[in-house]
Amino acid sequence: MLDIAFVKDLEGRYLMANQAAADWLSTPLEAMLGKRNDELFPTEVAAFIIESDRTIIETNRAKTYEEDIDQGGKVRSFLTQKFPWRDEQGQPRGIVGICRDITECKQTIQSLHRSKQQLRQEMDQRAKALNALQQSEQLNKAILSALPDMIVRMNIDGTLLNVSSGSFSGGRLSSADAGRNVRELLPPELAEKKLKLAAKALNTGKNQRYEFSTQGQKQSFRREARIVPLSDHEVLVSTRDFTKLHQTKVALERSLREEKTAREEAERANRMKDELLT
């Protein structure tokens, strides 16, 4: 839409106007000229324009402002500039005005503000989610570090994807082994057993458990491993050391055997004594 331009006298009658002004008012240009604002606009709009014109004439100063005008049920936004029209002696004769329709521009700015606000909200939500995830990761790390188990995430081909040793000691694997294959790190028999049971866990969808022994520098260890399927190609292997428990169990079984042997010998001695006395 072209800029609207007009000239009004001191009583608010339109003396000159361009075709854009007449088009906006949906009236012939000839019918517009000579009329006042209260003859062309609704009462509230006319009152606003009259007051604005009066201020410019009284202050004898130009004014630029935004205004929303409802014309025929359609509200349009204008950037309006008005300045006094003076004669050769400097006396006011009326007002000259130029109005630019900024409705689409204003709507675009408002849309950008909404998009910006929405983007800010999304960024805040993502920041909160990231913070929660970081806290969750820290919590998970704390839990894993406190566990007495070694937790390994392993691919079906034996590649270690992640290793968390926690408080587990005496193990052959560490976090530095991520990316390597169990065949490189474990004795062949132990590596193949782990791979075989990992494949079984993935094929059946059921957890697998086995016990095994390893030899350290100063002692042998007894351990239990549980293999849990995670996806169609990954498993989680949890290994727990139960050397002390195993040693206690072995010692208890040995003690029970010795007690049984001693009891049997005592019973045999009593029978022999009874035989001699009779």
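The structure this text deals with has already been given above.
In short, a report on the structure. What you see is a predicted model; the values in this text were computed from it and never measured.

## Details of helix α4 (residues 43–59)
In an α-helix, one full turn covers 3.6 residues, which means residues spaced three or four apart are oriented alike.
Part 1: The end-to-end C-alpha distance of α4, which contains 17 residues, comes to 24 Å, matching closely the 24 Å that a straight helix rising 1.5 Å per residue would cover.
Part 2: Directly beyond the C-terminal end of α4, a positive phi value near 55° is found at N60.

## Observations regarding the sheet that holds strand β6 (residues 149–155)
Part 1: Spatial ordering of the open sheet is given by β7-β6-β10-β9-β8, a layout of 5 strands whose pairing is antiparallel. Where the open sheet ends on each side, the last strands, each with one partner, are β7 (160–164) and β8 (208–215). Across the sheet, the mean angle from the axis of one strand to that of its neighbour is 20°, orientation sign disregarded.
Part 2: Sheet topology note: the strand β9 (residues 220–229)/strand β10 (residues 234–241) ladder contains 7 bridges and is antiparallel. Across the sheet, R223 pairs through a bridge with D241, a residue of β10.
Part 3: Against the sheet, helix α7 (residues 188–204) engages β6, β8, β9 and β10, with an angle of about 170° to β8.

## A look at unusual backbone geometry
Part 1: Backbone geometry places S26, a non-glycine residue, at a positive phi of 55°.
Part 2: Topologically, S26 is positioned in the loop between α1 (19–25) and α2 (29–32).

## Thoughts on the packing of aromatic side chains
Part 1: Counted under the stated rule, the structure contains 5 aromatic pairs.
Part 2: Summarising the aromatic geometry, the rings of W24 and F41 are spaced 6.0 Å apart at their centres and angled 40° between planes, so their arrangement reads as tilted. Within this pair, whereas W24 is found in helix α1, its partner F41 is found in the loop between α3 (37–40) and α4, the two being separated by 17 residues in sequence.
Part 3: For F41, a relative accessible area of 10% corresponds to the buried category.
Part 4: With a centroid separation of 5.1 Å and an interplanar angle of 85°, the aromatic rings of W24 and F78 are classed as edge-to-face.

Calculation notes
Residues numbered from 1 in each chain as written. Predicted model: local features only at pLDDT ≥ 70, side-chain atom pairs only at ≥ 80, totals over all residues. Heavy atoms only, no water. Helix = DSSP H or I, 4+ residues; strand = E, 2+ residues; numbered from the N terminus. Expected span 1.5 Å × (residues − 1). Pairing = 2+ DSSP bridges. Axes fitted to C-alpha atoms, helices over the stretch in contact; angles between N-to-C directions. Contact = heavy atoms within 4.5 Å. Phe/Tyr/Trp six-rings, centres within 6.5 Å; stacked < 30°, edge-to-face > 60°. Buried < 20%, exposed > 50% of the residue type's maximum accessible area, 1.4 Å probe, protein only.

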